[in-house]
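Here are the chains, one letter per residue:
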Amino acid sequence: MIKARIPPENSDANLQSYAEVYKNFSWSDVEKKFTWYETGNINIVHEAIDRWAGDEEKSKRKALIFEKGGKIREFTYSELRDITCQWANLLTEYGFAFGDRIFVFLPSCPEVYFSMLACARLGIIFCALFPTLGYDEIESRIQNAKPRGIITHPDMFERLPLHAMSTVEHVFLTEGPLLNLFPSEIVVQKTLQEMPKRSATRWVSKSTPLYLLYTTSGSTGPPKGVVHCHGDMVGHLLTGSYVLDLKDDSIIWTDGGDPGWVTGIVYGMFAPFLHCVTSVVQGDRFSASTWYRTLERHRISVWYTTPRTITRLIEAGEDLAVRYDFSHLKHLATVGETLSPEQFYWAKDTLKHAPHDTWWMTETGMICMANFPSMSIRPGSMGKPVPGIEASALDEQGEPLPEFSMGELALRPGWPAMMSGLWQDAVRYQEYFSPNNWFLTGDMVTKDEHGYYYHQGRNDDLIKLGQRDTGPYEVEQVLSLHQAVAEAVAISVRSGTENPMFKAFVRIKKGFTASKRLNLEIKNFVKANFTPEIPLSEVVFLDELPKTRSGILLRRVLEARDLGVPSGDHTKLEE
Ligand code: ATP
Ligand code: MG
């Protein structure tokens, strides 16, 4: 645990006095900020779009800026209302209504956002699929959610499981040509223009399902359809303000934000729109210069990124970074995995902003732990619980542990964005809760004497080393210190009755050659710098580590490969 303490840089943060606000916090105070608090008419799209589109000044604000291949498309709040109403009218025309499920399987494009928002407007449950998902993964999701419609693009059709799509009555293509594979195919482009720019909004309740997102945690059984509801907006609004520090004139870029990932839905779309600010989406594949240029060109003021992206920028060198102007940047935050002290100090020195690590998961629906802009940062820590969240580290019996003991991170149910269930799976939903009513995250943490939490890996990744549990993260940290290692990831491997072991995957730096000798040297390096007892079975050299387009490392792909089970179409991850 690193003892450094970095004082806050931001003196006008939305959340000023964490301790006081945490103590006196009440979710009903946040609810007062919504129009439904007075009217009783609830729908997230009304709060995120229509409310602003009906305001003279705010209607002209840019809601979405989408860039791909050098082409920029921009949409104001008023345009977003018109387009999403047209989409909603189109869906209504084809008989879609409250409670139906629609899958959105598209490459990165503005239509992803239009269609998700149109569904929400009508009380239809949308499910955005990662554009890189494979045939089998889509099939299992279709079987579970039984969508009546899919919104897709002709380029994606090869991965649609044709034989398993009997519930799908209509396939909407954002562009032609028709595929002539399904009884009802609609090219949206043409029909959309004829649709009226106003449509009725379906009023719902806070517990009406809004979207479904699949997670594969736990590794046994089919993927779990996490259900999120319209009432999540209360959590989106609060964390957009307190954690991401959104202000009236903010321009936010959530760059790990493909909507197949919950971060793209919540912080690439809902939280910015609920704050009436501009959200930028960069649809191009990663390159350091594209990323820096995006920050500069779009005058990004809030950047919500990932530690892996920072690693990739580190690799591109400081010389590149200094050529760009980041003077508009006011707040930098990360999510997805531990932000290492190395990544932290690099960003702080090179980008001139300390990254604020945040923690949450698909199931929590909103950021739950964070380094707040007005709070000192302890590098390596994921911060403290968001006001309204009660957190604890629990032992195996479900009892809270004292400071500095590693336990499972647990949250007390009752925050507004917590998943409302698993689609068609009440049994597995119950497994998330301890007998004494804690939501169990599956992540291991320790807490220091000041209440800061430190992520220690996932509980199914830990291996006992003598008296203490060791996680892959610690192995990765040591690996990354070796001079030949550019990137490293470790997984824990359990086969039959044998003791669990770590297996490491390493991408080596340019100038080094993969050889048996280097392999042995790296293994010995880990033993020498960690402990000779470390159960490291193997170091595997890979040219590329499997990642999503936004740079999130797919540990699960490595685990699946190791077990010899299908891991999806990760070959297209960088496309
Ligand atoms: P799946 O559930 O499908 O296996 P996943 O758990 O990676 O995938 P997400 O819900 O997107 O899917 O990720 C949540 C997980 O990401 C957390 O449980 C945690 O393990 C990890 N995580 C998120 N933020 C952080 C962070 N700041 N530090 C460390 N780990 C983090
Ligand atoms: Mg998970």
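About the cut-offs
Residues numbered from 1 in each chain as written. Chains lettered and ligands numbered in written order. Predicted model: local features only at pLDDT ≥ 70, side-chain atom pairs only at ≥ 80, totals over all residues. Heavy atoms only, no water. Axes fitted to C-alpha atoms, helices over the stretch in contact; angles between N-to-C directions. Helix = DSSP H or I, 4+ residues; strand = E, 2+ residues; numbered from the N terminus. Parallel < 35°, antiparallel > 145°, perpendicular 65-115°, else oblique. Contact = heavy atoms within 4.5 Å. Nonpolar A, V, L, I, M, F, W, Y, C, P; charged D, E, K, R; others polar. Buried < 20%, exposed > 50% of the residue type's maximum accessible area, 1.4 Å probe, protein only. pLDDT = per-residue confidence, 0-100. Domains from an automatic or database assignment. Buried area = accessible area lost by both parts, 1.4 Å probe. Salt bridge = Lys/Arg side-chain N within 4 Å of Asp/Glu carboxyl O. Pairing = 2+ DSSP bridges.

1. Structural notes on the packing of helix α9 (residues 233–242) against helix α10 (residues 262–274)
Next, step 1: Contact geometry for α9 and α10: axes closest at 9 Å, N-to-C directions at 85 degrees. The pairing of α9 with α10 is recorded here as roughly perpendicular in orientation. In this structure, α9 uses M233, H236, L237, T239 and G240 to contact α10, whose residues at the interface are V266, Y267, F270, A271 and L274.
Next, step 2: Tallied by class, the residues present in the contact of α9 with α10 amount to 7 nonpolar, 3 polar and no charged.

2. Quick notes on helix α11 (residues 288–297)
Next, step 1: What α11 keeps buried is the set A288, T290, W291, Y292, T294 and L295.
Next, step 2: Each element contacted by the buried residues of α11 is listed here: β10 (251–254), β11 (278–282), β12 (302–305), α12 (307–316), α13 (318–321) and α14 (341–351).
Next, step 3: The first or second residue beyond α11 is R299, which carries a positive phi of 50 degrees.

3. Brief notes about the confidence of the model for the protein
Next, step 1: Mean pLDDT over the protein: 92, with 94% of residues reaching 70 or higher.
Next, step 2: Below pLDDT 50 for its whole length, residues 569–575 participates in 19 contacts with residues either more than four positions away or in separate chains.

4. Quick word on unusual backbone geometry
Next, step 1: The residue after G176, namely P177, is reached through a cis peptide bond having omega 0 degrees.
Next, step 2: The residue P177 is located in the loop between β6 (170–173) and β7 (185–187) in this model.

5. Regarding the domain arrangement of the protein
Next, step 1: On domain assignment, one finds that the protein holds domain 1 (18–42 + 212–457), domain 2 (44–202) and domain 3 (461–573).
Next, step 2: For domain 1 versus domain 2, the distance between C-alpha centres works out to 25 Å.
Next, step 3: Counting from both sides, the interface comprises 41 residues of domain 1 and, opposite them, 39 residues of domain 2.
Next, step 4: Carbon and sulfur atoms supply 60% of the area that domain 1 and domain 2 bury against each other, a total of about 3,600 Å² over both sides.
Next, step 5: Three residues, F273, C276 and V281, lead the burial of domain 1 against domain 2; their summed loss comes to 19% of the area buried on that side.
Next, step 6: Counting across the domain 1 and domain 2 interface gives 3 salt bridges.
Next, step 7: The residue R297 makes a salt bridge to E67 at a minimum N-O spacing of 3.1 Å.
Next, step 8: Of all the elements in the fold, those that place two or more residues in the side of domain 1 that touches domain 2 are β8 (209–215), α9, α10, β11 and α11.
Next, step 9: No other element matches the 7 residues that α10 contributes to the side of domain 1 that touches domain 2.
Next, step 10: Taken together, the residues of the side of domain 1 that touches domain 2 sort by class into 21 nonpolar, 14 polar and 6 charged.

6. So, the pattern of salt bridges
A side chain with one charge can pair with a side chain of the opposite charge if their charged atoms come near.
Next, step 1: Using the criterion set out here, one finds 23 salt bridges in the structure.
Next, step 2: When the shortest N-O distance is used, the salt bridge between R308 and E337 registers 3.0 Å. Within this pair, whereas R308 is found in helix α12, its partner E337 is found in the loop between β13 (331–334) and α14, the two being separated by 29 residues in sequence.
Next, step 3: R308 sits in the buried class, given a relative accessible area of 8%.

7. Side note on the pairing of strand β18 (residues 407–411)
Next, step 1: The buried count for β18 comes to 5 of 5 residues, which makes it a mostly enclosed element.
Next, step 2: As paired strands, strand β17 (residues 391–394) and β18 are joined by 4 bridges and run antiparallel to one another. Paired with A393 across the two strands is L409, which belongs to β18.
Next, step 3: With 4 bridges joining them, β18 and strand β20 (residues 439–447) adopt antiparallel strand pairing. Bridge pairing in β20 links E408 to M444.

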